[in-house]
Protein chains: 2
Amino acid sequence: MVGAFAVLGEANRLRILEHLRGAECSVGELVDRLGMSQPAVSKHLRVLREAGFVSSRIAAQQRIYRIEPEPFAELEHWLAQYRRLWDRHLDALERHLDNQE
Amino acid sequence: MVGAFAVLGEANRLRILEHLRGAECSVGELVDRLGMSQPAVSKHLRVLREAGFVSSRIAAQQRIYRIEPEPFAELEHWLAQYRRLWDRHLDALERHLDNQE
DNA sequence: CAGGCATATAACCGGGCAGGCATGTTAAGA
DNA sequence: TCTTAACATGCCTGCCCGGTTATATGCCTG
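The following paragraphs examine the structure supplied in this document.

What counts as what
- Throughout, residues of each chain are indexed from 1 in the direction in which the sequence is written.
- Throughout, the order in which chains and ligands are written sets their labels, letters from A for the former and numbers from 1 for the latter.
- Reporting in this predicted model follows two pLDDT cut-offs: at least 70 for local features of residues, and 80 or more for side-chain atom pairs to be given and counted; totals over whole chains, interfaces and linings ignore these cut-offs and use all residues.
- To get the side-chain values, all heavy atoms of the structure are used, and hydrogens and water are removed first.
- Where helices and strands are cited, they refer to DSSP runs of H or I of at least four residues and of E of at least two residues respectively, numbered from the N terminus.
- Buried residues are those whose accessible area, probed at 1.4 Å on protein chains only, stays under 20% of the maximum for their type, while exposed residues exceed 50% and partly exposed ones sit between those limits.
- What makes a residue near a molecule or strand is one non-hydrogen atom of that residue sitting within 4 Å of it.
- In protein, a polar contact requires one atom able to donate a hydrogen and another able to accept it; more generally it is a pair of N or O atoms within 3.5 Å, and residues adjacent in sequence count only if both atoms are side-chain atoms.
- When residues are grouped by polarity, Ala, Val, Leu, Ile, Met, Phe, Trp, Tyr, Cys and Pro land in nonpolar, Asp, Glu, Lys and Arg in charged, and all others, Gly among them, in polar.

**Looking at unusual backbone geometry**
Residue and element names in this part refer to chain A. Even without glycine at this site, Ala60 takes up a positive phi of about 60 degrees. Position of Ala60 among the secondary structure elements: in the loop between strand 2 (54-59) and strand 3 (62-67). Among the residues examined, Ala60 registers a relative accessible area of 67% and is labelled exposed.

The structure is reproduced here in structure tokens:
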């Protein structure tokens, strides 16, 4: 679990995921849109791939990357353990707002 | 956002959060239960506090730490942007299982 | 007010990670 | 087959971050 967070704890990797969220994408497209060097992009993609966040498919000379859902589901599961906390928080907020009316 | 992930991308900080998930806790208790040095615990608590994950209250010579819900709510919100992905994934899984019956 | 807890902070050190540059690898096209 | 395109990988470097040790700060008790 900590590994997943460590992978996401890097700005450029988050940007890559956001770009892949809309549609799958080749490495070159990511290089152009993110304005970073190709080796840097490839390295981040490797990290994301080994953590399961993305997978790649070969199309001619290109590698098309896309998001894989499993790690996000695991994040969701981890977060669920803490959900009661902010549920209570929202409840308290609601009561506060209700009282103000 | 990336900051929150960076904060969670550290094993001992996750362990601290898990301990605080059950009940609020003093620094000394965390030191005992996690088996790490007191300065290390204090540093991690500082990082968690500055990121909003925990807050502290003074009780005599002790500082009692507890979890704050906001950052978790933000995580939830961030994750929601990707939820459609694994919703589709779960749908596909269901269809797969249905077909197997 | 002196002394002892509980905790924070400072200074330092070592490992790991992100970035850049150079090069390897595979596939398409002439 | 030679070249070029698209991408991966190795090596090096600088920086950040976590840990330890030592010290400061604040509070309670006698």
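Now, onward.
**Brief notes about the protein's contact with DNA strand D**
Taken together, the neighbourhood of DNA strand D is formed by 21 residues, with Ser42(A), Tyr65(A), Asn12(B), Lys43(B) and His44(B) sitting nearest. For DNA strand D, the fraction of protein-proximal atoms (within 4 Å) that sit in sugar or phosphate groups is 68%. A distance of 3.4 Å separates a phosphate oxygen of DNA strand D from a polar atom in the backbone of Arg63(A). At 2.6 Å, a side-chain N or O of Lys43(B) approaches a base oxygen of DNA strand D. Only helix 3 (27-34), helix 4 (38-50) and strand 3 of chain A together with helix 2 (11-22) and helix 4 (38-50) of chain B provide two or more residues apiece to the surface near DNA strand D. The dominant element in the surface near DNA strand D, judged by the number of residues it contributes, is helix 4 of chain A, at 5 residues. Residues that form the surface near DNA strand D fall into these classes: 5 nonpolar, 10 polar and 6 charged.

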